[in-house]
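Chain by chain, the residues:
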Amino acid sequence: MAAENPFKSILKSLEKPDGGEFGKYYSLPALNDPRVDKLPYSIKILLESAIRNCDEFQVKSKDVEKIIDWENSAPKQVEIPFKPARVLLQDFTGVPAVVDLACMRDAMNNLKGDSNKINPLVPVDLVIDHSVQVDVARSDNAVQANMELEFKRNNERFGFLKWGSNAFHNMLVVPPGSGIVHQVNLEYLGRVVFNTDGLLYPDSVVGTDSHTTMIDGLGVAGWGVGGIEAEAAMLGQPMSMVLPGVVGFKLLGKLRDGVTATDLVLTVTQMLRKHGVVGKFVEFYGEGMSELSLADRATIANMSPEYGATMGFFPVDHVTLQYLKLTGRTADTVAMIESYLRANKMFVDYSEPQIERVYSANLELKLEGVEPCVSGPKRPHDRVPLKEMKVDWHACLDNRVGFKGFAVPKESQKKVVEFSFHGTPAQLRHGDVVIAAITSCTNTSNPSVMLGAALVAKKACELGLEVKPWIKTSLAPGSGVVTKYLEKSGLQKYLNHLGFNIVGYGCTTCIGNSGDIDEAVASAITENDIVASAVLSGNRNFEGRVHPLTRANYLASPPLVVAYALAGTVDIDFETEPIGVGKDGKKIFFRDIWPSNQEVAEAVQSNVLPQMFMATYEAITKGNPMWNQLSVPSGTLYAWDPKSTYIHEPPYFKDMTMSPPGAHGVKNAYCLLNFGDSITTDHISPAGSIHKDSPAAKYLMERGVDRRDFNSYGSRRGNDEIMARGTFANIRLVNKFLKGEVGPKTIHHPTGEKVSVFDAAMKYKSEGHDTIILAGAEYGSGSSRDWAAKGPMLLGVKAVIAKSFERIHRSNLVGMGIIPLCFKAGEDAETLGLTGEERYTIDLPSTVSEIRPGQDITVVTDNGKSFVCTLRFDTEVELAYFDHGGILQYVIRNLIGAKS
C-alpha cells in the first residue's frame, strides 16, 4: 500500500522577493542529476508529477528513474503513470461522463460500498459549448434565437449537468453561451502553476476533447483522452502512458506580410504528419518563438490531433507571462508562476544562453517560407497553397473518389444549376460556397486573425462587394472577449453587413452544428448532384462532418473565410481572377481587400484590453437567466427517469459482482464490418444529425419524439439505447461487404441479408455469436470519442483487427474490454486473402497473468487460414482493465477494496 514520499528531502520553500514564502515545492535542481538539465521541458512536467505523487504504490521510485533517464528509456517504449492536476470536459463528452459517475454511485451502493467515494479528487471544469446550432444566421437576434432553441432542445441534459455540479464536489460547470471550452481554458481556467494548500506544482490537464492540446500553447501540459480514462483520472487513478519521444521543432525568422497563424498551423500540420509524430510530444523552440504571439502558439498547439502528436508544447517564457497579464490574471499570480518556474528550471529566458536539450528527432521551419494556404477538401493535413487552389480543385473534380477526388465526369464539370432563392434567380456550380463560417477555438481565440477578418470585411464593404444571400455565413466566437474587441474596434458592423453576424458562443459549424441550409439550396445540390463547398476556420473537415450536403470542405483562416464568401466559389485563382465587381463597376481583386500585418497589429494593440477579459470571466460564473432558471433535483444519487430519451441508466454494471470476470479469447466470431483505411470516430459514432430512416430515429419515433426534436447524436450521448443504435450509423460509411455502396448497412452472413449495422449486431447477439471488425490503417482517428468504443461493446463486438490504431481510440477500446489487435507489418486483410465472410477464433490465455503486453496472438479462421497479430494491450495496467471487464469496473472494485 501507499508509503510516505521517498523524495521528501527535495521539498523546498519558495521565497517571495519581498519576504515571506509562496509555498513549498519539489525542487528538480535539488536532485543534483545532470540528466535532468537536458530533459525537454514537457518531460520535466511528467517528472515533477511523478516525484510529487510518488507513494511506492500508484507511482514508484523506479517510475521517477525511468523519466530522469528519458534519453535512454523513451526509445524502449517504457510505461509510466501520470496523475494530471485537473480534468476538462465539454458537454457532448461531459454528459456521458456524469452519467457514468452517477451510475457508478449506484453500483457502489449495490455492492454495499460507500457511494460518496465516487467524487472527483481533482478539479473538474465542464464547459457547455457543443450544443448550440446555427439555426438562425445573418440576423441581429441570432445569438438569442439560437440560445432559446438550444435550451429548448437540451433542457433535460442541461438540468442533468446542473444536478451534477451540485451532487459532485470539485466540479465547475460553465453554462451555455459562455464560450468554447479550449478558449475558456486558455483565457480563464488555465492555472499554469497550482498553489494547493501551500504546495506549488505545474498545471497539467487531460480533457475529453482532442483539442485540449490548445492549452500547450500556454506552457500547460494537456492532451485529449477518452471519456473513460478521464473518469478514472477524476477518481484518482493514475493514467498509464508510454513515456513519449519528443520531437524538437525549431522555429526561425518571422512570418511574411499577409501570412496568418492559420497558414502557419496548416503548414506545421502537413510537415508533422509527413514526419510521423503519433504518440509523441512535439516541443517548439528557437529564436522564431519571440515573433509568435501566445494566440499564434495556441493555434499551433490546438491542431496537435490533426498532426497526430499527443502534445504540441510551448514552454513558458516572457510572451506567456505577458498573455497572462493581458487576460486579467493578477500580478501576484503571475509573480508566483514566474518564481516557481525559474526556481525549477522550467522557464525559458531567451535573453540567457540556452542549454542544448536532447530531443528524439529534430525538425525546423523558417517562418518566412510559410505561404497563404487552405486544407481540404476532406482532410486537415491535405494542404493546398492558395495560388494552386484553382488547379487543385479541377484535379479533385477529375480524380477518382478518395481524399482528393470526387470523380465528376468531364462533361458535367461546368454544369450550371438555375434555381429560385426566395423569388431571386440564383445559380449553383461545382465548388460554389454554400457555408462560410468563422468558427472554432483554433482561430477565434486569436485576435490577429479575427480582427484581420473584420478588416477584410471593412475594405470589401467600402469597395461595394456583397456576399450572395444564399450562402450561409456565420461568426461564432469562442469567448465573449471577441465581441468586446470587435465592437470597440468599430469593425463588427462590416462583418454584419456581409452576413457574418454573431450566431452564438460555441463550436457550431466546426463540429457539424451548422444547422440546415436553405431548402432551395439543398434541393439544387441534391437533385443535381452538385459538389458544393464549405469554407470554415475550423480544425476538421472529414467528409460528412461539417454538413451532409457539403462534399468539399476547406479549412482556412477567418480572413480567407470572408474572402471565399465574397468570391462565392473555391474555383478561383485569387492572384489573377477578380473576387467580384465593386460599386463603380471596377473589378476588385484579393489584394485590394487584404490587410497588411501592420494594420492588423495596430488593430490588436489598440482594441484587445485586459479589462475585457476580466469583465467577461467575472460574468461567466454568475450564469445566465436561462441557466439560472433551470430547476434540478437535489440528492447525491440520481433519480433515473425510464421515459427519458436523453438520460438513461447504462447497463455497464448490471449483475456486477466483486470478482473480476477474467481474460477471454474470441471463438468462432462473425465479422460485423470490413473496413479500409482512415475510419474515423465520426464514422464509428457520428455526432451529427439523426437520419430519418435510422434505427435511432425508429427508437425515438416509437417513444413519441417528433422528427424536429431528434436533435443530434452528440446531444443524446447520455442515452445508451440511442447511442448503440447510432454506432456505425454514418451515412458516408464505406463497408467492403457492400461492394461499393456507401451507407450504414452490412451483411448478416448466416442469412446473406443486407440490414442496418445495429440490426445485424442484434441478430448475432440473439443467436449467441461474438463479432469482430476488420480495418485498415489509422482506425479510430479524429475526435476522442468514448462512444466509438462504448457503442461497439454494446453491439457485442469483442475484438478489432486493424493495420494501426489512433492513440486515444485504442485506449478507449481497452477501457471497454474490447481486444485491439494489429496485423503484422506489410500484412492486412487483403494480402492475407481474408474476405470477412470467415469465422474468426482468437486464442487468448484465460488467466491474465499469462498474457504479456504487445505479445503475438494467433488468429484462426474456419476455412483453415491462420495469421499472427500483435496484441495491443500496451501496458500491465491495461491488462488489469481487461481482466476486470473494463476500466470503470476496475475502479469500482478497487475503491470498494481500498480501506478508507
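Residues numbered from 1 in each chain as written. Predicted model: local features only at pLDDT ≥ 70, side-chain atom pairs only at ≥ 80, totals over all residues. Heavy atoms only, no water.

Details of the pairing of strand β15 (residues 361-366)
Each regular strand displays side chains that alternate between the two surfaces of the sheet.
Consideration 1: Every second residue of β15 is oriented toward a common face, the buried set being Ala361, Leu363 and Leu365 and the non-buried set Asn362, Glu364 and Lys366.
Consideration 2: Direction of pairing for strand β12 (residues 246-252) relative to β15: parallel, over a ladder of six bridges. When the sheet's bridge partners are listed, Gly248 is paired in β15 with Asn362. (Buried < 20%, exposed > 50% of the residue type's maximum accessible area, 1.4 Å probe, protein only. Helix = DSSP H or I, 4+ residues; strand = E, 2+ residues; numbered from the N terminus. Pairing = 2+ DSSP bridges.)

Structural notes on empty space enclosed by the protein
Consideration 1: Evaluated as defined, the whole model comprises four cavities of 30 Å³ or more.
Consideration 2: If you add up the space inside the largest cavity, you get close to 240 Å³.
Consideration 3: Lining of the largest cavity is provided by 25 residues; of these, Gln90, His130, Asp209, Ile511 and Arg545 occupy positions nearest its centre.
Consideration 4: At the level of elements, α5 (91-110) and α7 (181-189) are the ones that each hand at least two residues to the lining of the largest cavity.
Consideration 5: In terms of residue class, the lining of the largest cavity is made up of eight nonpolar, 11 polar and six charged.
Consideration 6: Roughly 80 Å³ of internal volume is contained in the second largest cavity.
Consideration 7: Around the second largest cavity, the lining residues are Tyr41, Ile45, Val192, Pro202, Asp203, Gly219, Phe313, Pro315, Val316, Leu341 and Met346. (1 Å grid on protein atoms, 1.4 Å probe; cavity = no way out; pocket = protein on both sides within 12 Å on 5 of 7 lines; lining within 4 Å. Points joined across faces, edges and corners; volume = space filled by probe spheres on them. Nonpolar A, V, L, I, M, F, W, Y, C, P; charged D, E, K, R; others polar.)

With respect to the sheet that holds strand β1 (residues 11-15)
Consideration 1: Strand order in the open sheet made by the four strands is β1-β2-β8-β7, with mixed pairing throughout. A strand with exactly one partner marks an edge of an open sheet, and here the two such strands are β1 and β7 (193-196). Strand-to-strand twist across the sheet, computed as the mean angle between neighbouring axes with direction ignored, equals 35 degrees.
Consideration 2: Summarising the sheet, β7 and strand β8 (residues 199-202) pair through four bridges and their orientation is antiparallel. By the bridge assignment for β8, Asn195 is matched with Leu200.
Consideration 3: Helix-sheet contacts for helix α2 (residues 41-52) involve β2 (21-26) and β8, and the interaxial angle to β8 is about 145 degrees.
Consideration 4: Along the sheet, helix α13 (residues 331-343) makes contact with β1, β2, β7 and β8, crossing β2 at roughly 35 degrees. (Axes fitted to C-alpha atoms, helices over the stretch in contact; angles between N-to-C directions. Contact = heavy atoms within 4.5 Å.)

Thoughts on the environment of Phe168
Consideration 1: In this fold, Phe168 is placed in the loop between α6 (142-167) and β6 (171-174).
Consideration 2: Placed 66 residues apart in sequence, Phe168 and Ala102 show a C-alpha to C-alpha distance of 9.3 Å.
Consideration 3: For Phe168, the contacting residues outside a window of four places in its chain are Val98, Leu101, Ala102, Arg105, Ile118, Asn119, Pro120 and Trp163.

Structural notes on the side chain of His182
Consideration 1: Tracing the sequence through the fold places His182 in helix α7.
Consideration 2: Those residues in contact with His182 that sit more than four places away from it in its chain are Leu88, Asp209, His211, Thr212, Met214 and Cys441.

Comments concerning the packing of aromatic side chains
Consideration 1: Evaluation of the coordinates by the stated rule reveals 30 aromatic pairs.
Consideration 2: On the numbers, 5.9 Å between centres and 50 degrees between planes, the contact of Trp393 with Phe406 is tilted. Of the two residues, Trp393 sits in helix α14 (residues 389-398) while Phe406 sits in the loop between α14 and β18 (417-421), which places them 13 residues apart along the sequence.
Consideration 3: The class of Trp393 is buried, set by a relative accessible area of 0%.
Consideration 4: Residue Phe406 is classed as buried on the basis of its relative accessible area of 5%.
Consideration 5: Within the aromatic cluster, the residues linked to one another by ring pairs are Phe160, Trp163, Phe168, Tyr638 and Trp640. (Phe/Tyr/Trp six-rings, centres within 6.5 Å; stacked < 30°, edge-to-face > 60°.)

Topic: the packing of helix α8 (residues 227-234) against helix α32 (residues 887-897)
Consideration 1: The contact between α8 and α32 brings their axes to 10 Å, and the two run at 15 degrees. Here α8 lies roughly parallel to α32, going by the angle between them. In the crossing of α8 with α32, the sense of the turn from one axis to the other is left-handed. Across from Ile228, Glu229, Glu231 and Ala232 in α8, the residues of α32 making contact are Ile887, Leu888 and Val891.
Consideration 2: For the contact of α8 with α32, the per-class residue count stands at five nonpolar, no polar and two charged. (Parallel < 35°, antiparallel > 145°, perpendicular 65-115°, else oblique. Left-handed = near helix turned anticlockwise from the far one by under 90°.)

Regarding the packing of helix α16 (residues 447-463) against helix α20 (residues 558-567)
Consideration 1: Across the interface, α16 lies against α20 with an axial gap of 7 Å and an inter-helix angle of 30 degrees. Judged by the angle between their axes, α16 and α20 are roughly parallel. Contacts between α16 and α20 involve Val449, Met450, Gly452, Ala453, Val456, Ala457 and Ala460 from the former and Pro558, Pro559, Val562 and Leu566 from the latter.
Consideration 2: Residues belonging to the contact of α16 with α20 are distributed by class as follows: 10 nonpolar, one polar and no charged.

Some remarks on the sheet that holds strand β10 (residues 221-224)
Consideration 1: The five strands are arranged β6-β5-β4-β9-β10 in an open sheet whose pairing can be described as parallel. Each having just a single partner strand, β6 and β10 make up the two edges of the open sheet. Averaged over all adjacent pairs, the angle separating strand axes in this sheet is 20 degrees, with direction ignored.
Consideration 2: Where strand β4 (residues 86-90) and strand β9 (residues 204-207) come together, three bridges link them in parallel fashion. Pairing of Leu88 across the sheet is with Gly207, part of β9.
Consideration 3: α7 rests against β4, β5 (124-127) and β6 of the sheet, and its axis sits at about 140 degrees to β4.

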